[in-house]
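Structure at a glance
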Amino acid sequence: MYAALRPYLFRLEPERAHKLALRWADIAVGSGIAGLLLPKPARPLPVKAFGLTFPNPVGLAAGLDKNGDHIKALFALGFGSVEIGTITPRPQAGNPAPRLFRLPEHQAIINRMGFNNDGVDALVRNVEALQHQHRPGILGINIGKNKDTENENAASDYLHCMERVYPLADYITVNISSPNTAGLRELQEEQQLRSLLGALREAQERLGSQHGRRVPLLVKIAPDLSDEDLDAAARVLADMAVDGVIATNTTVSRLEVQQHPLAQQVGGLSGAPLLSRSTACLRRLRTRLPESIPLVGVGGIVSGADAVAKTVAGAQLVQVYSGLIYRGPALVGECVEAIRRRKEAPASGRVPD
């Protein structure tokens, strides 16, 4: 079905196509016809991580649904987890349009959205409205800071969002790695990261006691850190005993697409060209972090083989975004089945395709 719709969507301006596709998905789920239009969901493949049980290891990365407007429709695509956000304390419009660009020749996207969202209170209302409905998977909520909040005050923004979403989230992701908010990536520097995570970990323990449950805290990092900076960040993540790490966000590098006419557009590059860079970052983190800190591999997954490459590099879970735009919902089941084959291969003696 998606293969038939994609040419039409790709004739539209990317941000308009994004909104239209989500609207269609909402209508399909709301009318009960989604089962007729979508690929058959993959068989369950439970994975335990962060004290949670995921129905399958393939999740939707943050960014597709900033405000939690489309949670039911996105779970209907077969994801084991859906991460909404990035959300900020106050609403913000993000960067001026155009701010989203397709590079079909590379199965890639450049975006400079800039945390456009309706504010944390709007997201909370959306999630609360679904509280009494069955949620077929794990819901993550990705939090950030407003662009006009200086880095020395960033902790207050993250703490505000964390306190608001804590009762509703299965896990919370701290986004300090988007390239589209000026200065945000500086929060990955060792001392700033230690200070920020210290405040958030204290709040996590306090909120856990207050609400009677401990919500895991994950950190999403950039693929553009030097080896030395990545090692320093890993030391902090281990010292702070975060519950998990998501590797990685988009890249500012254009090495793999340097000849493309859109290569000079400012923003984060995602999709197939990111696979090698993000997987190398993931692999290095796995050697630097204790096994008690699970990793989520994201960046460049456009096939089941790509998802398996993330697990080989050390990921317990994977996430997709740009691959969904190019491949459609069939990618979800393909990734689940590829990971299943890899898990079963040692017992059967087979090598996964």
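That block above? That's the structure.
The structure presented is a predicted model; accordingly, all values stated were derived computationally and were not measured.

**As for the overall build of the protein chain**
Along the protein chain, the regular secondary structure elements total 12 helices and 13 strands. For the protein chain, the C-alpha radius of gyration of 19 Å lies close to 20 Å, the compact-globule estimate for 353 residues. Across its three principal axes, the protein chain shows a C-alpha extent of roughly 50 × 50 × 50 Å. When the 353 residues of the protein chain are sorted by exposure, 57% land in the buried category. For the protein chain, the accessible area works out to roughly 14900 Å², and carbon and sulfur atoms hold 53% of it. Computed over 40 positive and 35 negative side-chain charges, the separation of the two mean positions in the protein chain equals 6 Å.

**Remarks on the sheet that holds strand E8 (residues 171–175)**
With parallel pairing, eight strands are arranged side by side around a closed barrel as E3-E4-E7-E8-E9-E10-E12-E13. The average angle at which neighbouring strand axes cross in this sheet is 25 degrees, direction not considered. By the bridge criterion, four bridges tie strand E7 (residues 138–143) to E8 in an arrangement that is parallel. Its bridge partner lying in E8, Gly140 is registered against Tyr171.

**Examining the packing of aromatic side chains**
Going through the model one piece at a time under the given rule, you end up with four aromatic pairs. The interplanar angle of 25 degrees and the centroid separation of 6.0 Å between the aromatic rings of Tyr8 and Trp24 together place this pair among those described as stacked. Within this pair, whereas Tyr8 is found in helix H1 (residues 2–11), its partner Trp24 is found in helix H2 (residues 14–31), the two being separated by 16 residues in sequence. Overall, Trp24 belongs to the partly exposed group, its relative accessible area being 31%. With a centroid separation of 6.4 Å and 50 degrees between ring planes, the pair formed by Phe50 and Tyr171 is classed as tilted. Of the two residues, Phe50 sits in the loop between strand E1 (47–49) and strand E2 (52–54) while Tyr171 sits in strand E8, which places them 121 residues apart along the sequence.

**Things to note about the environment of Ile71**
Note that Ile71 resides in helix H4 (residues 71–75). When its relative accessible area of 4% is taken as the criterion, Ile71 is described as buried. Here the alpha-carbon distance between Ile71 and Phe101, two residues 30 residues apart in the chain, equals 24 Å. In this view, Ile71 contacts Asp65, Ile84, Val127, Leu130 and Leu139; residues no more than four positions away in its chain are not counted.

**Remarks on the pattern of salt bridges**
The final tally for this structure, using the stated rule, is 20 salt bridges. With its nearest N and O atoms 3.2 Å apart, the salt bridge here joins Asp239 to Arg194. Linking Asp239 in helix H8 (residues 227–239) with Arg194 in helix H7 (residues 190–211), this pair joins segments that are 45 residues apart in sequence. Judged by relative accessible area, Asp239 falls into the exposed class, the value being 52%. A network of salt bridges, in which partner residues are shared, links Glu190, Arg194, Arg235 and Asp239.

**Side note on the pairing of strand E13 (residues 317–320)**
Side chains of E13 alternate between two faces, with Leu317 and Gln319 and Val318 and Val320 buried alike. One ladder, built from three bridges, connects strand E12 (residues 295–298) with E13; its direction is parallel. Among the inter-strand pairings, Gly297 is bridged to a residue of E13, identified as Val318. For the crossover that starts at E12, traverses helix H10 (residues 304–313) and ends in the parallel E13, the hand is right-handed.

**Topic: the pairing of strand E9 (residues 217–221)**
Along E9, five of the five residues are buried, which leaves the element largely enclosed by surrounding structure. The alternating pattern of E9 places Leu217, Val219 and Ile221 and Leu218 and Lys220 on opposite faces, both of which are buried. Direction of pairing for E8 relative to E9: parallel, over a ladder of four bridges. Within E9, the residue paired with Asn175 across the bridge is Lys220. Examined bridge by bridge, E9 and strand E10 (residues 244–247) share four bridges and lie parallel to one another. Bridging from a neighbouring strand, Ile221 pairs with Ala247 of E10. Crossover handedness for the path E9 to H8 to E10: right-handed.

**Some words on empty space enclosed by the protein**
All chains considered together, the criterion is met by one cavity of 30 Å³ or more. By volume, the largest cavity is sized at about 30 Å³. By residue number, the principal contributor to the lining of the largest cavity is E13, which donates three residues. The class makeup of the residues in the lining of the largest cavity is six nonpolar, two polar and no charged.

**Details of the packing of H1 against H2**
One way to put it is that H1 packs onto H2 with a least axis distance of 9 Å and a crossing angle of 145 degrees. Along its contact with H1, which presents Leu5, Tyr8 and Leu9, the element H2 presents Ala17, Leu20, Ala21 and Trp24.

Parameters at a glance
- Residues numbered from 1 in each chain as written.
- Predicted model: local features only at pLDDT ≥ 70, side-chain atom pairs only at ≥ 80, totals over all residues.
- Heavy atoms only, no water.
- Helix = DSSP H or I, 4+ residues; strand = E, 2+ residues; numbered from the N terminus.
- Rg over C-alpha atoms; globule rule 2.2 N^0.38 Å.
- Buried < 20%, exposed > 50% of the residue type's maximum accessible area, 1.4 Å probe, protein only.
- Areas by Shrake-Rupley, 256 points an atom, 1.4 Å probe, with all protein chains shown as cover.
- Lys, Arg positive; Asp, Glu negative; His and termini not counted.
- Charge placed at Lys NZ, Arg CZ, Asp CG, Glu CD.
- Pairing = 2+ DSSP bridges.
- Axes fitted to C-alpha atoms, helices over the stretch in contact; angles between N-to-C directions.
- Phe/Tyr/Trp six-rings, centres within 6.5 Å; stacked < 30°, edge-to-face > 60°.
- Contact = heavy atoms within 4.5 Å.
- Salt bridge = Lys/Arg side-chain N within 4 Å of Asp/Glu carboxyl O.
- Right-handed = clockwise from strand over helix to strand, strands pointing away.
- 1 Å grid on protein atoms, 1.4 Å probe; cavity = no way out; pocket = protein on both sides within 12 Å on 5 of 7 lines; lining within 4 Å.
- Points joined across faces, edges and corners; volume = space filled by probe spheres on them.
- Nonpolar A, V, L, I, M, F, W, Y, C, P; charged D, E, K, R; others polar.

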